[in-house]
Amino acid sequence: MTGIISHDGEKRLVVVSGRAHAELSESVAEELGIELVPTTAYDFANGEIYTRFGESVRGADAFVLQSHASPVINKWIMEQLLMVDALKRASAKTITVVAPFYGYARQDKKSRGREPISARLLADMFKTAGADRIMSVDLHTSQIQGFFDGPVDHLWAMPILVDYVRSRVDLTNVTVVSPDAGRIRVAEQWAAKLGGGPLAFVHKTRDVRTANKSVANRVVGDVEGRSCVLVDDLIDTGGTIAEAVRVLKEAGAKDVIVAATHGILSEPAVGRLSSCGVREVVITDTLPVEDEKRFEQLTVLSIAPLIARAIREVFDDGSVTSLFDGNA
Ligand code: R5P
């Protein structure tokens, strides 16, 4: 069946999917025990997108799944906006934008004059299109939730990543490392989950005039002989992580495992990560990881069960927070 009917027969849940990460959408639907709404989507010769749902969505609680995947991230955002518009005009009762990776989240403030606040604009565009609610995983900064005028379900991949990493390290010898000073709070939460060991961070500087350019200067904290767990929200070109691994090794770290939620893995991430001396890189599949992006040290964990459970909680008027009880 293509949807779920509530116990009292009053509500209907449907999931529609864009084309960016069909595999994840299929897995989420499978976890929910439903089929995706049959959908037509294609590009016109000039790049414009056409989309249409193959069955009625009238009165439904609709969830629109699309991860803002590279390299045509703007196309996938536009496709999701069009799907929201189509749902609104087809009389869906509620529309939830599910963006496991939410694009433009790194541009959440003006660092210099005459810059846009792109993450805010994106939230406004979803609102204008007709979205009632947004669901995403590990937004770059939590305050982005306030950019959308409506409920935002901010899911955490940390429990999934921690469960896996715990089985891969000697918990008596772990130091959790933040790749920059800004993520110390997250590293603290990781350390608490991994037995309360010490923390360290990498002093990183970034050239705001050049995209994806950062330099790891030195490690703050003692990592000599320690198994380091380096945690970040996303890996884009791999520069931050590869540099951090380099300085950790120079500072005497025994080995380094990287845990990050979103594997954007733009060029030259694969080359950098596979040759930087890291023991393992653990990510989730919030974004597609094509075969050419897979390398020996890479482990990809499924985010589908978490997204499916969150969708179910929203539909049942349950509690998304309950999914993280004991983990917050
Ligand atoms: C920075 O604030 C982010 O958390 C990531 O560390 C950064 O954006 C990753 O980019 P790249 O992999 O290109 O260094």
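Residues numbered from 1 in each chain as written. Predicted model: local features only at pLDDT ≥ 70, side-chain atom pairs only at ≥ 80, totals over all residues. Heavy atoms only, no water.

Digging into the overall build of the protein
- Along its length, the protein carries eight helices and 15 strands.
- Against the globule reference of 20 Å for 328 residues, the protein gives a C-alpha radius of gyration of 20 Å, in line with a compact fold.
- Structurally, the protein occupies a C-alpha span of about 60 × 45 × 35 Å along its principal axes.
- The burial tally for the protein puts 52% of its 328 residues in the buried class.
- Within the structure as shown, the protein displays about 14,800 Å² of accessible surface, and the carbon and sulfur contribution to it stands at 48%.
- Positive and negative charge centroids in the protein, built from 37 and 44 side chains respectively, lie 5 Å apart. (Helix = DSSP H or I, 4+ residues; strand = E, 2+ residues; numbered from the N terminus. Rg over C-alpha atoms; globule rule 2.2 N^0.38 Å. Buried < 20%, exposed > 50% of the residue type's maximum accessible area, 1.4 Å probe, protein only. Areas by Shrake-Rupley, 256 points an atom, 1.4 Å probe, with all protein chains shown as cover. Lys, Arg positive; Asp, Glu negative; His and termini not counted. Charge placed at Lys NZ, Arg CZ, Asp CG, Glu CD.)

A closer look at the environment of Leu155
- As for its placement among the helices and strands, Leu155 is situated in strand E8 (residues 152-155).
- Along the chain, Leu155 and His203 lie 48 residues apart, while their C-alpha atoms are 28 Å from each other.

A look at the pairing of strand E12 (residues 227-235)
- Extensive coverage of E12 is indicated by the burial of nine of its nine residues.
- Sheet topology note: the strand E9 (residues 174-178)/E12 ladder contains four bridges and is parallel. Bridged to Val174 within E12 is Ser227.
- Here E12 runs beside strand E13 (residues 255-263); their pairing, made up of eight bridges, is parallel. Paired with Val229 across the strands is Ile257, a residue of E13.
- Once the chain exits E12 it traverses helix H6 (residues 239-250) before rejoining the sheet at E13, and the crossover so formed is right-handed. (Pairing = 2+ DSSP bridges. Right-handed = clockwise from strand over helix to strand, strands pointing away.)

Remarks on the site of the ligand
- With respect to spatial proximity, 15 residues lie near the ligand, and among them Asp232, Asp233, Thr237, Gly238 and Thr240 are the closest.
- At 2.7 Å from an oxygen atom of the ligand is found a side-chain nitrogen or oxygen belonging to Asp233.
- Here an oxygen atom of the ligand sits 2.8 Å away from a polar atom, N or O, in the main chain of Gly238.
- Breaking the shell around the ligand down by element, the ones donating at least two residues are strand E10 (199-206), E12 and H6. (Near = heavy atom within 4 Å. Polar contact = N/O pair within 3.5 Å; in protein donor to acceptor, adjacent residues only side chain to side chain.)

Details of the sheet that holds strand E5 (residues 61-65)
- Spatial ordering of the open sheet is given by E1-E2-E5-E6-E7-E8, a layout of six strands whose pairing is mixed. One side of each edge strand has no neighbouring strand; the edge strands of this open sheet are strand E1 (3-5) and E8. Direction aside, neighbouring strands of the sheet carry axes that sit 15° apart on average.
- In this structure, E5 lies alongside strand E6 (residues 94-99), joined through five bridges in parallel fashion. In the strand pairing of E6, Ala62 is matched with Ile95.
- On top of the sheet, helix H8 (residues 304-315) reaches E1, strand E2 (12-17), E5, E6, strand E7 (133-137) and E8; it is set at about 155° to E7, its chief contact. (Axes fitted to C-alpha atoms, helices over the stretch in contact; angles between N-to-C directions. Contact = heavy atoms within 4.5 Å.)

Brief notes about helix H4 (residues 158-166)
- All of the buried residues along H4 are Met158, Leu161, Val162 and Val165. Along the axis of H4, the buried residues cluster in a sector spanning 100°; they form a single face. (Arc of directions from axis to C-beta.)

Let's talk about the nonpolar core
- Within the largest apolar cluster, 45 residues are counted, with the highest numbers of intra-cluster contacts made by Val28, Leu155, Trp190, Ile307 and Ile311.
- In terms of residue count, H8 provides more of this core than any other element does, eight residues in total.
- If we skip the residues at most four places from it in the chain, Trp190 touches Met158, Leu161, Val162, Val165, Val176, Val229, Val231 and Ala259.
- Counting 39 residues, the second largest nonpolar core, distinct from the first, contains Ala62, Ile73, Phe126 and Ala129. (Core = buried A, V, L, I, M, F, W, Y, C linked by side-chain atoms within 4.5 Å.)

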